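Letter by letter, the chains look like this.
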Amino acid sequence: MKAEDEAVGPQKVSNSFRDRHSNVNEKGKRNWIYALRPKGKLYRYRQWLSAGYLLLFFALPFVKINGMPAVELNFPEARFILFGKIFWPDDFFIFAVAMVLAIVFVALFTVIYGRVFCGWVCPQTVFMEFVFRKIEWWIEGTPTQQRKLNAAPLSVQKIFKKTIKHLIFFVVSFLIAHTFLSYILGVNEVLALMRSPVSENIGLFAGLLFFTGLFYFVFAFVRDIVCTTVCPYGRLQGVLYDKDTMQVSYDYNRGEPRGKRSKKEQQALGDCIDCKLCVHVCPTGIDIRNGVQMECVGCTACIDACNDVMFRIGRPEGLIRMASENQISKKQPFHFNGRMKFYSFILVILVTLMSFLILSRKSIDTTISRVKGQLYQEVGKDSLSNLFQAKIINKTRQDVRFELKVEGPVPGQVRMIDATHNILKKESLSDRTFFIVMPASGIKARSTDIQIGVYTNGEKTATIKSKFLGPFI
Ligand code: SF4
Ligand code: SF4
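Residues numbered from 1 in each chain as written. Chains lettered and ligands numbered in written order. Predicted model: local features only at pLDDT ≥ 70, side-chain atom pairs only at ≥ 80, totals over all residues. Heavy atoms only, no water.

Student: Account for the pattern of salt bridges, naming residues and giving values.
Tutor: Across all of its chains, the model carries 18 salt bridges by this definition. Where Arg312 meets Asp308, a salt bridge forms, and the shortest distance between an N and an O atom there is 3.1 Å. Here the residue Arg312 and the residue Asp308 both occupy positions in helix H13 (residues 301-312), the gap between them amounting to four residues, near one helical turn. Residue class for Asp308 comes out partly exposed when judged on its relative accessible area of 33%. Salt bridges here are not isolated pairs; linked through shared partners, they connect Glu136, Glu140, Lys162, Lys165 and Arg223. (Salt bridge = Lys/Arg side-chain N within 4 Å of Asp/Glu carboxyl O. Helix = DSSP H or I, 4+ residues; strand = E, 2+ residues; numbered from the N terminus. Buried < 20%, exposed > 50% of the residue type's maximum accessible area, 1.4 Å probe, protein only.)

Have a look at this one:
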C-alpha cells in the first residue's frame, strides 16, 4: 500500500490512479470488497424494485393463466410457455425475432442509459446486494466488522458466524436452483421430484446440486468479479458508450480541486471534500472520481452517498450524478436530446412488435391446401368435389373439438374422409383429408376462390382461403 493510501472506511482507498483491475490488490491477490451499506433515495427505490423482482421470481412458477403456467421454458422438450401460451419448435421464428430484438434492445438501451440495467435489474446484482449481502450484514455485522472478522485468528465466534453464514448461503442457493428448475420443468414436476426417492432421479438431482453449488460459489466467493470480469455485457460497454451516453459520472468541474475543508483558512476548493464515501460504498471498489471505468455497474450507490455529503455541507446535490461526458465537460444540464428520443422511440417500437408477435400467436394453427395432382370429381349429376388436406396443430394442453365449414362464395359441404376424427389431441399435430363438395351450378370458372372456416370447440378460430377447381367453361 502506498503512503498516501487510506483505510479510513472499510475499504483501502488509493489516492493514485490504479494500474490494475479493481478486484486485484497491489500484491496481485484478490481485493475483497467491503462495501458500506448505501443509504438514500435511489437505494430505497432499488430496494422496492428488488423486492418486487424477487417476489416475481419466486412466485411466477406458481402462477397459472388459463390452467397453464405463466412461464415455462422447457428446453429438454423444446416447449416454451409464455403468458399461458405454448410455443413449439415451429414458432422458432418468434424466438429468432425475439433474440434479434433483445440484442438490438440491449445495444440501444446501453448507448443511451449506460449500464443502469446491471446495477438496478440484473439478477446477479439483485441477489448479491439485496439477498446475500444483507444476510452477511445480519450475521457478520458492518463492513468494518467483517474486515476485522476476516483478519482475526480462528476462534469459536468466527467459526460459528462463518458456518451459519455459509449454511444460509447454501440453503438460499438451493432455493434459487429449485426455482430455476421450476421454470424449466414446471412447479408440479419439481414438487413431485422432491417427494420421490433420489435414486429415481439421479440425473436431475445431480443437476440441482451442480446449480446449487454454482450459485453458492458465485454469491459467496466470486461476487463482483462476475460483473467486472466475467459478464460479456460488461465487456461490451467500451464499444457501446459514446460521449452522449448517460452514466454515473463525477462532475470534476464542480468537485475539483478536491480537499478537506479547514475552518481556519479560506481555501479555493471545489465541492468534493475528499471524504471517499463514494468509494467506500461502491460494490466494485472503484473511485468514480477517476472517470468512467468498466468496473462501474451503474448501481448509483455513490450518487446517494455523495448527495448525503453535499446536503450536510450545504452544497447542491449532483456532484456525482447520471450525466453524459459531454454534459459534464461542456457544463450542460440534462436534456433528452434528439438521439435519445429517436433511440427510445425505436425501443418502444421493438417492445410493441415483440408483444404483438407473442399476443397474436394462435393456439390452433391450421394450414389447408388442395391435394396436388388432383382435379375435380363429379358427385352425382349436379355437384363437384375437390380433395383437400389440412394440417392442424393443437398447441394447447386440452383436447379440442374441431370442425371445417365452407363459407363462400358458394354454399358447400365438407366431407371428412374419416368422419370419426373431429377431436384434436392436446399438444399434437393432425393430418386430415377431406372433400369439399359444391353445387356444379355455382362453379362458373376453372378456378374459384373459396373460404373455409376453422371452428374449435364451436368457436371460429381462423378463415383459410383456397381454390376450388372446376371444368373448363
Ligand atoms: S462522496 Fe462526494 S464529496 Fe465525498 S469524496 Fe466522493 S465525490 Fe467527494
Ligand atoms: S462507481 Fe458508483 S455507480 Fe459505479 S459501481 Fe461504484 S457505486 Fe455503483
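What follows picks up the thread again.
Student: Would you mind going over the packing of helix H4 (residues 123-140) against helix H5 (residues 143-151) in detail, with residue names and values included?
Tutor: One can describe the packing of H4 onto H5 by two numbers: an axis separation of 9 Å at closest approach and a directional angle of 70°. Taken together, the axes of H4 and H5 are roughly perpendicular relative to one another. Judged by residue contacts, Glu136, Trp137 and Glu140 of H4 engage Pro143, Gln145, Gln146 and Leu149 from H5. Residue composition of the contact of H4 with H5, by class: three nonpolar, two polar and two charged. (Axes fitted to C-alpha atoms, helices over the stretch in contact; angles between N-to-C directions. Parallel < 35°, antiparallel > 145°, perpendicular 65-115°, else oblique. Contact = heavy atoms within 4.5 Å. Nonpolar A, V, L, I, M, F, W, Y, C, P; charged D, E, K, R; others polar.)

Student: Talk me through unusual backbone geometry; I want residue IDs and the actual numbers.
Tutor: With an omega of -10°, the peptide bond running from Glu256 to Pro257 counts as cis. Inspection of the secondary structure assignment puts Pro257 in the loop between helix H11 (252-255) and helix H12 (277-280). Within the chain, Lys276 stands out as a residue other than glycine whose phi angle is a positive 70°. Its location among the elements puts Lys276 in the loop between H11 and H12. Unusually for a residue other than glycine, Thr300 sits at a positive phi of about 70°. Inspection of the secondary structure puts Thr300 in the loop between H12 and H13.

Student: Any details on the packing of aromatic side chains? Residues and values, ideally.
Tutor: Going through the model one piece at a time under the given rule, you end up with 18 aromatic pairs. For the ring pair Phe57 and Phe180, a centre distance of 5.4 Å and an interplane angle of 65° mean the geometry is edge-to-face. In this pair, Phe57 sits in helix H1 (residues 41-59) while Phe180 sits in helix H6 (residues 156-185), placing the two residues 123 residues apart along the sequence. For Phe180, a relative accessible area of 38% puts it in the partly exposed group. (Phe/Tyr/Trp six-rings, centres within 6.5 Å; stacked < 30°, edge-to-face > 60°.)

Student: Could you give an account of the packing of H6 against helix H7 (residues 187-195), with specific residues and numbers?
Tutor: Their axes nearest at 7 Å, the elements H6 and H7 cross at an angle of 125°. Taken together, the axes of H6 and H7 lie oblique to each other. On the side of H6, the interface is formed by His178, Leu181, Ser182 and Leu185, while H7 contributes Val187, Glu189, Val190, Leu193 and Met194. For the contact of H6 with H7, the class distribution of residues is six nonpolar, two polar and one charged.

Student: Before we move on, can you summarise a nonpolar patch on the surface with the specific residues and values?
Tutor: Side chains of Phe170, Phe174, Val198, Ile202, Phe205 and Leu209 sit close together on the surface and give an oily, nonpolar patch of about 500 Å² of accessible area. The set of elements that each furnish at least two residues to the nonpolar patch consists of H6 and helix H8 (202-222). In terms of residues, the nonpolar patch owes the most to one element, H8, which gives three residues. Along the polypeptide, Phe174 turns up in helix H6. According to the relative accessible area criterion, Phe174 is partly exposed, its value standing at 34%. (Patch = residues over 30% accessible without salt bridge, like charges linked within 9 Å, V, L, I, M, F, W, Y side chains within 5 Å. Areas by Shrake-Rupley, 256 points an atom, 1.4 Å probe, with all protein chains shown as cover.)

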